[in-house]
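A structural walkthrough
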Amino acid sequence: MGMNRKQRRLQEKKLGRKSAIKTRDNANQALEKKNAGMTLRNEGREAEAVPLLKQALRLDPTLADVHFALAVMARTKPELGIDIESINKTLTDKNALLTSYAGILAILKNKRLYKEAVICQEEFCRLLPEDPYALIDLGLVKNMTGGTEQATVDMARALCMAPDNNIIKTAFASAQFNAFFSQFYPEVKEAILECFKDIYDVNLYRLPRPWFNLLNHDPLYTDFVNSIMIEQDEDFYAWLDGLDETSGAFLKDPYFIEGLRLLLVNNHSMEHILTRLRRYITLHFDTLVENGRITLFEHFLCGMAEQCFFNEYVFLEEDQETQAIQALIDRVKETPDRQAISLIACYRPLYKILGDYGDALHTLSTRDSFFARLVKTQFDDPLEEERIKKEIPVFGAFANEISQAVQGQYEEHPYPRWITFCKHPMPTDDTPDEKIRDNPLKILIAGCGT
């Protein structure tokens, strides 16, 4: 797959007659070397084929099929000692080679030869090391082979290269639903954190599983993850008593806090740890305030409160906690306190409990950005929804008490309660026809839930 006749004529005009003759001679010699090398390779004589193919590529760097053959042998026959990186460094003009490579890649995908397509796309990435789109394409092809772990890593690297690119961010997040990790990848952690920065850029509902799975392999969370093995609450509390700014650093890690805020935890082990941690803070709150250790947990409390609000406070609450929280509610109504309110919000929605304390909440919000976000989620937004609800025209009414009760349940506890939606759907998603976008239609979809 070298230059075609038209490309060669254009090159001849640029280079002049003598240079053109030399180029033509090189191309002819390259073709001879290529044919001889490919024949030897097809006969299983790869060691003899490699020198000929290298010579062919030096004579004509546009021979993508030769380059690809060398790349495949480098991967499948390491004993041949083919150094693709060195070969790439000798290439002065990569554009023609890449154009031909695109043709090979299209053929491989069309024939569903995805393993070979992975090798082909990897060469794209080696030839274009600064191109994030090449890495995204590599990840997509690897997904087709079932290599979701490495596909995720490749896409994460692409997002780290271009963190403000919404197309790349959307592609990364959309590919995460079945991602599973056998080890910790810092670049994946960084990429997931990028997805948390603007909740309308990506489909966050694909991230809970990879978020928790990667956390399990992060050295920062080793003790946290292992705490699931602590059977007795007393021993669990003793572990928490011993945490300091270093050993308890995970409690302030943005990856952990933002994940709690924005993703619905659907893992039993994580739920068990979180409920025990919440219970510990509740039952030891006054002691933690007195010795100043409550500051270690305050960011966690804000993240946990948003988690509990969006999961409809489904986490187990024991009688001791109920009593302690009620006493705390009575206290903050007398003297509003940011840390106490954050803890209350882990059990009760603020707009219901402290509906008349908006001024105090907003004053406290100016001192801490985490608390400010919590107040917006649990106080400002629900009250704004109530205001909007009153302005929505109503047609028809339910007289039946059961229907009214069901309506009240759905309005009080919508499922799922939306945290965000993605403004940038993948091109493969169903998108409205251009005519519909230009001429919007009024459409009622009955029974669609939230």
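Residues numbered from 1 in each chain as written. Predicted model: local features only at pLDDT ≥ 70, side-chain atom pairs only at ≥ 80, totals over all residues. Heavy atoms only, no water.

1. Brief notes about the overall build of the chain
Within the chain, the regular secondary structure consists of 24 helices and zero strands. By the burial criterion, 42% of the 450 residues in the chain qualify as buried. Considering only contacts in the chain between residues 6 or more positions apart, those separated by 24 or more positions represent 69%. In the form shown here, the chain has an accessible surface area of approximately 24900 Å², with 53% of it arising from carbon and sulfur atoms. (Helix = DSSP H or I, 4+ residues; strand = E, 2+ residues; numbered from the N terminus. Buried < 20%, exposed > 50% of the residue type's maximum accessible area, 1.4 Å probe, protein only. Contact = heavy atoms within 4.5 Å. Areas by Shrake-Rupley, 256 points an atom, 1.4 Å probe, with all protein chains shown as cover.)

2. Overview of the side chain of Lys169
Here Lys169 lies in helix α9 (residues 166–174). A relative accessible area of 4% means that Lys169 is categorised as buried. In contact with Lys169, not counting residues within four places along its chain, are Leu159, Pro163, Glu194, Cys195, Asp201 and Val202.

3. Describing the packing of aromatic side chains
Enumeration according to the criterion identifies 15 aromatic pairs in this entry. On the numbers, 5.9 Å between centres and 65 degrees between planes, the contact of Tyr221 with Phe256 is edge-to-face. Here the residue Tyr221 occupies a position in the loop between α11 (208–217) and α12 (222–226), and Phe256 occupies one in helix α14 (residues 254–262), the gap between them amounting to 35 residues. Phe256 matches Tyr221 in its accessibility class, with the two residues each being buried. When the centroid spacing of 6.3 Å and the interplanar angle of 0 degrees are considered together, the rings of Trp239 and Phe250 count as stacked. (Phe/Tyr/Trp six-rings, centres within 6.5 Å; stacked < 30°, edge-to-face > 60°.)

4. Some remarks on unusual backbone geometry
Here Glu312, not a glycine, exhibits a phi torsion of approximately 60 degrees, which is positive. Mapped onto the secondary structure, Glu312 falls in the loop between α17 (298–310) and α18 (319–334). Of note in this structure, Tyr313 is not a glycine but carries a positive phi near 55 degrees. Along the chain, Tyr313 falls in the loop between α17 and α18.

5. Describing the packing of helix α15 (residues 268–283) against α18
Between α15 and α18, the least distance of the axes is 10 Å, while the angle of their chain directions is 50 degrees. If you check the angle between α15 and α18, you find them oblique. As α15 runs across α18, the sense of the crossing is left-handed. Together, Arg278, Arg279, Thr282 and Leu283 of α15 and Gln320, Glu321, Ala324 and Ile325 of α18 make up the contact between the two elements. When the residues that make up the contact of α15 with α18 are grouped by side-chain class, the tally is three nonpolar, two polar and three charged. (Axes fitted to C-alpha atoms, helices over the stretch in contact; angles between N-to-C directions. Parallel < 35°, antiparallel > 145°, perpendicular 65-115°, else oblique. Left-handed = near helix turned anticlockwise from the far one by under 90°. Nonpolar A, V, L, I, M, F, W, Y, C, P; charged D, E, K, R; others polar.)

6. Observations concerning the environment of Thr420
You can see Thr420 is positioned in the loop between α23 (401–412) and α24 (434–438). Given a relative accessible area of 3%, Thr420 falls into the buried group. Counting along the chain gives 216 residues from Thr420 to Leu204, while the straight-line C-alpha distance between them is 7.5 Å. Beyond its immediate chain neighbours, meaning those up to four positions away, Thr420 contacts Ile199, Tyr200, Leu204 and Tyr205.

7. Side note on helix α21 (residues 358–365)
Along an α-helix, residues three or four positions apart point the same way, because every turn accommodates 3.6 residues. Here α21 has its buried residues at Gly358, Leu361, Leu364 and Ser365. Within α21, the buried residues cover an arc of 130 degrees as seen down the axis, which keeps them to one side. (Arc of directions from axis to C-beta.)

8. Re the pattern of salt bridges
Enumeration according to the criterion identifies 27 salt bridges in this entry. Note that Glu123 is salt-bridged to Arg126, the shortest N-O span being 2.4 Å. Placement of both Glu123 and Arg126 in helix α6 (residues 114–127) is noted, with a separation of three residues, approximately one turn of the helix. Where Lys142 meets Asp154, a salt bridge forms, and the shortest distance between an N and an O atom there is 2.8 Å. Residue Lys142 is found in helix α7 (residues 132–144), and its partner Asp154 is found in helix α8 (residues 148–161); the two are separated by twelve residues along the sequence. Residues joined in a network through salt bridges with shared partners are Asp233, Arg276, Arg279, Glu318 and Glu321. (Salt bridge = Lys/Arg side-chain N within 4 Å of Asp/Glu carboxyl O.)

9. Quick notes on the nonpolar core
Buried together is how nonpolar side chains tend to be arranged in soluble globular proteins. Core analysis: the biggest nonpolar cluster contains 121 residues, and Leu70, Trp211, Phe224, Phe256 and Phe300 have the highest contact counts within it. Ignoring sequence-local partners within four residues, the contact set of Trp211 consists of Ile192, Phe196, Tyr255, Phe256, Gly259, Leu260, Leu263, Val265 and Met270. (Core = buried A, V, L, I, M, F, W, Y, C linked by side-chain atoms within 4.5 Å.)

10. As for the environment of Lys142
The exposure class assigned to Lys142 is buried, which follows from its relative accessible area of 11%. Taking the C-alpha atoms as reference, Lys142 lies 7.8 Å from Lys115; in sequence the two are 27 residues apart. With residues near it in sequence (within four places) discarded, Lys142 still touches Val118, Glu122, Gly147, Gln150, Ala151 and Asp154.

11. Details of the confidence of the model for the chain
Residues at a pLDDT of 70 or more form 89% of the chain, whose mean pLDDT is 86. Predicted confidence in the chain is weakest over α24, with a mean pLDDT of 57, and strongest over helix α19 (residues 338–344), with 97. (pLDDT = per-residue confidence, 0-100.)

12. Here we look at helix α13 (residues 233–241)
What α13 keeps buried is the set Phe236, Tyr237, Trp239 and Leu240. Angular distribution of buried residues about the axis of α13 spans 155 degrees; they occupy a single face of the element.

13. Here we look at the side chain of Thr377
Relative to the helices and strands, Thr377 is located in helix α22 (residues 369–391). Owing to a relative accessible area of 10%, Thr377 belongs among the buried residues under this scheme. At 2.8 Å, the side chain of Thr377 and the side chain of Glu306 are in polar contact. Ignoring any residue separated from it by four or fewer positions in sequence, one finds Thr377 in contact with Glu306, Phe309, Phe310 and Pro382. (Polar contact = N/O pair within 3.5 Å; in protein donor to acceptor, adjacent residues only side chain to side chain.)

14. As for the packing of α7 against α8
Relative orientation and spacing of two packed helices are given, respectively, by the angle between their axes and the distance between those axes. Relative to each other, α7 and α8 sit at 165 degrees, their axes nearing to 8 Å. By the angle between their directions, the pair α7 and α8 is classed as roughly antiparallel. You can see that α7 and α8 cross each other, and the crossing is left-handed. In this structure, α7 contributes Pro132, Leu135, Ile136, Leu138, Gly139, Leu140, Lys142 and Asn143 to the contact, and α8 contributes Thr148, Gln150, Ala151, Asp154, Met155, Arg157, Ala158 and Met161. Its residues placed into classes, the contact of α7 with α8 shows nine nonpolar, four polar and three charged.

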